Each structure stands twice: as structure tokens, then as C-alpha cells.
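Inside the fold
For reference, the chains in residue letters:
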Amino acid sequence: MNPRILLLSAGLLVLAGCTTVGPDYEKPQVPVPESWRVPMERAEEISNIQWWKVFGDPVLDELVRDALAHNQDLRMAAARLMEYAARVDLARAGAYPQLGYGASASRLQASRTTLNGMPDGRSRVGEDYLASLNVGWELDFWGRIARSTEAARANLLAAENGRRSVILSVVSAVATGYLSLRSLDRQLEIARETLARRGESVALFEEKFRGGVVSELELAQVRSEYQAAAVLIPTIERQIAQTENALSLLIGRNPGSIRRGKAVGELVLPRVPADIPSEVLQRRPDILQAEQNLVAANALIGVARAEYFPRISLSGMLGLASADLSRLLEGASGIWSLGGAAGGSLFTGGAVDARVRISEAARQQALHAYIKTVQTAFVEVNDALVASRKSREILEAVRLQVEALRSYASFARMRYDEGYVSYMEVLDAERSLFDAELEYTRKEAEVHASLVAIYKALGGGWLTDLEQDLNRMDFPAGEKDGEDWKARLVPERTSPVGERP
């Protein structure tokens, strides 16, 4: 075919190439609740801050920084982000001409006895040398490459929001673990103080028993209460060690002790976020990730549908060929070729139809996953708000109970010393006080945990503030800069023929 005709045909394809098969993405409408089950106000302001600093414990701040720098899940998420950035480059590369080269040298001996064999009088041995540049270019007339690039960009954004979800989970887990650790420390203090007091009572009653003042029954009761406190101490110590090990894993180090800061009673109790607009949840990374998964699934429908149409490509070759190496560079050795091709499927046994149906079903799955993610976000915020409100009410009730039991225990001991009641009443009062003090510390930890759950459920604008530091942490020196992945998100024509929707 005449090269001019081929070039003219390619030009017509370029001018006409504005078709991109497959549906364009439209953001689905998800119904949102008109109000929260618990009335709140000024939530966005609070949720935008680095909320763990509100507790006022420098050690907690340090643990969060260590986790952000060394947590292995975060490092895996950063590496995954680099992978999907490279996948965008891979998808986009198909829109450009592919240039290659080749070279060959051969020496062969021909047969004289075949039908077209070498005639007598000519040498049977010959040589052949070839050097060439090759070019191939698939014209994205139907937008297959454009849709593939669109899907790759969406997957990249999903990977970034996946990383942000990991950041959110890690920070929340560190805060919850540390606050739980300080609560366990306080429970251990209460148990040891109670054990010491009961030890004094045991010594006193043993002396009274030897003097015949108290019965063996009373001594046994005092000893049983002592052992009840003694059994609880190793249980709490085991929980402390396990919590320290979990925190060590979160901050990316081997199991070991965790440095302590303020006591649980000294921590600042943040106020509950309030008046939370539904729009606040739109920045939750899991919602953004689910939407980008939907964008990618939607684009892959176009990739599947493009298989109904022929692939159109141009190819060319420019090179040198000679039977004599010394003459390879002469002008007479020049060779070239230019061609075009179109090919597609006529019958595949329904494979193309099946791939289209698969992609459409995958989009439906991604759509329902997105809707569920949004609905789950509303449930989590509502649950966290209710838990925070009710846990504070419970904490106040337990606090009043502790105060009442302290008075009860004091009066019971006073009346025992005066001989009005038996020591059983003193033991009952002190046992109830001990249980209530431990319960108060546990409920205090639940209040802290519910606050962390609220901030986690809201997503938080503070994630954006950490991005620059995290990029420096996650991308080691010598690799691509952490911000480099954002360049893959710039909309562009994936080829002179294919066009992004």
C-alpha cells in the first residue's frame, strides 16, 4: 500500500477519534440522615485537629509519632501506593508509539539438492546482516487505553485513601491502647493498695486470734479477702504486658515496656464533638476509597466493551540489510516499511459478552459496597456518639457510688471499732468499695475509648496535615518522591485519538 495513503488514513482516524465506549462515571446519590440520634454541635472544628494531643500527654504524642514513622502496615500501604502509581504509568504507556530496535547476523549454507537449491558454480555459504528501528502505535480509537488509564488513576486514588485509612486506624489503635494501659496501671495501683491494707488486717486478726479476741471463722474471712486481691494482681499485670506488646507492634518495634506519661486521672477529657454535618463524613478515607473503586469498576466496563471493536494500529521499520558486513552502512543497504493493521474478534464463543457482563456485575458490587460504606459510616458515628454520651453518664453514676461506698466503709469500720457491728460488715463494705473503684477506672477507660471512636468515625481533616511528613517517612531516599504519585492524577488525553471522558 502507498505510504501516503496509510498516513492519510491515520490522519483521518486522528480527526475522527472522539469515541470512548463505556459509561461515564456519575456519583451515586446516597440518602443521608437528617439528624443524628444524639444532638451535637461544632464537630468539624474539633475533628480537624490532631485530637490525640487534646489528652495533654506528651508520651502519647511521642507514641503516635513513632507509629507513623515505623508502623509496618503504614509502610506496606506506602509501597502499595508506589505500585499503583507505576500501574498508571503502565496503562498510560499504551497510548504512545512504542519504539524498538533489532540487529542480527547470520551465516548459513544452502542445499544444492532441493527443488530451489543453490545452483552449481555459486557458493553454498552466505551471510546476512540486519540493523533496524521498529515502531508500533495502537490508535486508541474506541478509548480502550483511555478507560484503562482512567481505571488505573482511580485505583491509585483508592490506594492513597487506603493508606489514609491505615493512618487513621493506627493512630486510633495507639491512642486506645495507651489509654487502656494507663487505666490498667491505675487498676494495679488500686489492687496493690487494697492488698496492702488487707495484709495489715490479716496481721492484726492473726494477733487477735492468738489472743482469743476473734474466732477462726473471722480470721479465715479476712484471709480470703486478702487472697481475692492477691489473685487479681497477676491478672492485671498480664493484661498490662499484653497491652504493652500490642503497642510495641503498632510502633514498629519488638515487644517491650512502654514509657508512661500522665496518670489516667490527670489526662484532659476532651469535650464531645457536636452538631456533626453529614458532609463531614465525605472526607472519610474508607468512603473515598470505596468511591474510587466504583470509578475504576465503571471504567473497566469501557475496557471490556472495546473488545467488540477492532484494534487499529500503525507500524513501521527503518533499517539496513546486507549480505556483506563491510557494505552494511552503504546507502544501497537501506530498507524501510510502513503499514497499518486492524483486527478484532468475529467469534469467541461468547467470551467478550462474558467479560462485559463480568465488568458490569463488578460495578454493581462496587456500587453496593460504596453505599454500604457510607451507611456504615453513619452507623459508626451514631454508635460512637451514643456510647460517649452514655459512658459519661455511667461514669458519673459510678463516681457517686464510689463516694457513697467510701462513706459506708468508713462508718462500718467506725461502728466495728465501737463494737456495734461485726467485722463481716466491714469486709462487705470494703469489698464493695474495692469493686467500685476498679469499675470506675474501667468506665473511665470506656469514656476515653468512646472519644477515640468518635474521632476515628469522623475521619478528620488532620490527615491532610500529616501528608507531607508521612511522604518523607514512607519513601526512602533514592526512590521516587512521595508526592510524585499525584502527577499521575492529572487528566490528559491518553493518545491523539482516544479521549478521557
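First, a word on scope: everything that follows refers to the structure included in this document.

Rules behind the numbers
Residues numbered from 1 in each chain as written. Predicted model: local features only at pLDDT ≥ 70, side-chain atom pairs only at ≥ 80, totals over all residues. Heavy atoms only, no water. Salt bridge = Lys/Arg side-chain N within 4 Å of Asp/Glu carboxyl O. Helix = DSSP H or I, 4+ residues; strand = E, 2+ residues; numbered from the N terminus. Buried < 20%, exposed > 50% of the residue type's maximum accessible area, 1.4 Å probe, protein only. Pairing = 2+ DSSP bridges. Phe/Tyr/Trp six-rings, centres within 6.5 Å; stacked < 30°, edge-to-face > 60°. Lys NZ or Arg CZ within 6 Å of the ring centre and 35° of its normal. Polar contact = N/O pair within 3.5 Å; in protein donor to acceptor, adjacent residues only side chain to side chain. Contact = heavy atoms within 4.5 Å. Core = buried A, V, L, I, M, F, W, Y, C linked by side-chain atoms within 4.5 Å. Axes fitted to C-alpha atoms, helices over the stretch in contact; angles between N-to-C directions. Expected span 1.5 Å × (residues − 1). Parallel < 35°, antiparallel > 145°, perpendicular 65-115°, else oblique. Nonpolar A, V, L, I, M, F, W, Y, C, P; charged D, E, K, R; others polar. Left-handed = near helix turned anticlockwise from the far one by under 90°.

1. Points about the pattern of salt bridges
- Per the stated rule, a full pass over the model turns up 30 salt bridges.
- Between Glu 160 and Arg 163 there is a salt bridge, and its shortest N-O distance comes to 3.3 Å. In this pair, Glu 160 and Arg 163 are both assigned in helix α5 (residues 144–210), three residues apart and thus about one turn of the helix distant. Arg 163 carries the same exposure label as Glu 160, and that label is buried.
- Between Glu 225 and Arg 198 there is a salt bridge, and its shortest N-O distance comes to 3.6 Å. On the criterion of sequence distance, the pair formed by Glu 225 in helix α6 (residues 216–250) and Arg 198 in helix α5 is long-range, its members being 27 residues apart.
- For Glu 225, a relative accessible area of 10% corresponds to the buried category.

2. Side note on the pairing of strand β1 (residues 98–109)
- Across the 12 residues of β1, zero count as buried, placing the element largely on the outside.
- Alignment of β1 against strand β2 (residues 125–139), held across 12 bridges, turns out to be antiparallel. Paired with Arg 107 across the two strands is Glu 127, which belongs to β2.

3. Quick notes on the packing of aromatic side chains
- Tallied over the entire structure, the rule returns six aromatic pairs.
- Seen from their ring centres, Phe 141 and Trp 142 are 4.4 Å apart, and the 80 degrees between their planes marks the pair as edge-to-face.
- Its relative accessible area of 18% is what places Trp 142 among the buried residues.
- Judged by centre distance (4.9 Å) and plane angle (65 degrees), the rings of Tyr 416 and Tyr 423 are edge-to-face.
- A connected cluster of aromatic rings, assembled from ring pairs, spans Trp 51, Trp 52 and Tyr 455.
- Over the ring of Tyr 84 we find Arg 87; its NZ or CZ atom is 5.7 Å from the centre of that ring.
- A cation over a ring is seen here: Lys 208 above Phe 205, with NZ or CZ 5.5 Å from the ring centre.

4. Side note on the side chain of Thr 373
- Here Thr 373 lies in helix α8 (residues 351–417).
- Reaching out from Thr 373, the side chain makes a polar contact with the backbone oxygen of Ala 369 at a distance of 2.7 Å.
- Those residues within four positions of Thr 373 in sequence are excluded, and the remaining contacts are Asp 286, Ile 287 and Ala 290.

5. What about the nonpolar core?
- Grouped together as the largest cluster of nonpolar side chains are 36 residues, with contacts concentrated most on Trp 51, Leu 60, Leu 63, Val 64, Val 171, Val 174 and Leu 247.
- Contributions of two or more residues to this core are made by α3 (58–70), α5, α6 and α9 (423–458).
- Top contributing element to this core by residue count: α5, with 13 residues.
- Not counting the four nearest positions on each side in its chain, Val 64 is found in contact with Trp 52, Val 171 and Val 174.
- Core analysis: the next-biggest nonpolar cluster, separate from the first, contains 18 residues, Val 202, Leu 405, Tyr 423 and Leu 433 among them.

6. With respect to the environment of Gly 261
- Relative to the helices and strands, Gly 261 is located in the loop between α6 and α7 (285–305).
- Each C-alpha atom of the pair Gly 261 and Pro 58 lies 6.9 Å from the other, and the pair is 203 residues apart in sequence.
- Discounting chain neighbours no more than four positions away, the residues touching Gly 261 are Asp 57, Val 59, Tyr 178 and Arg 182.

7. Section: the sheet that holds β2
- Spatially, four strands are ordered β1-β2-β3-β4 in an open sheet, and the strand pairing comes out antiparallel. Here the strands that pair on one side only, and so sit at the sheet edges, are β1 and β4 (334–343). Neighbour to neighbour, the strand axes of the sheet diverge by 20 degrees on average, direction disregarded.
- Across 11 bridges, β2 lies against strand β3 (residues 311–322) in antiparallel orientation. Residue pairing for β3: Gly 136 is matched across the bridge by Ser 315.

8. So, α6
- In this model, α6 (35 residues) spans 52 Å end to end at C-alpha, consistent with the 51 Å of a helix rising 1.5 Å per residue.
- Here the buried face of α6 lies against α3, α5 and α9.
- A positive backbone phi angle near 75 degrees is found at Gly 252, which sits one or two residues after α6.

9. Focus: the packing of α5 against α9
- The geometry of α5 relative to α9 is characterised by a closest axis approach of 9 Å and an angle of 170 degrees between their N-to-C directions. Relative to α9, the element α5 lies roughly antiparallel.
- When grouped by side-chain class, the residues that make up the contact of α5 with α9 number 12 nonpolar, nine polar and seven charged.

10. Quick look at α8
- Helix length check: α8, at 67 residues, gives a terminal C-alpha distance of 92 Å against a target of 99 Å (1.5 Å per residue), a fit within 8%.
- Just downstream of α8 lies Gly 419, where phi reads positive at about 85 degrees.

11. Concerning the packing of α5 against α7
- It is at 8 Å that the axes of α5 and α7 come closest, and there the two elements cross at 165 degrees. Viewed along their axes, α5 and α7 adopt a mutual orientation that is roughly antiparallel. Remark: the crossing between α5 and α7 carries left-handed chirality.
- Within the contact of α5 with α7, the residues separate by chemical class into 12 nonpolar, nine polar and five charged.

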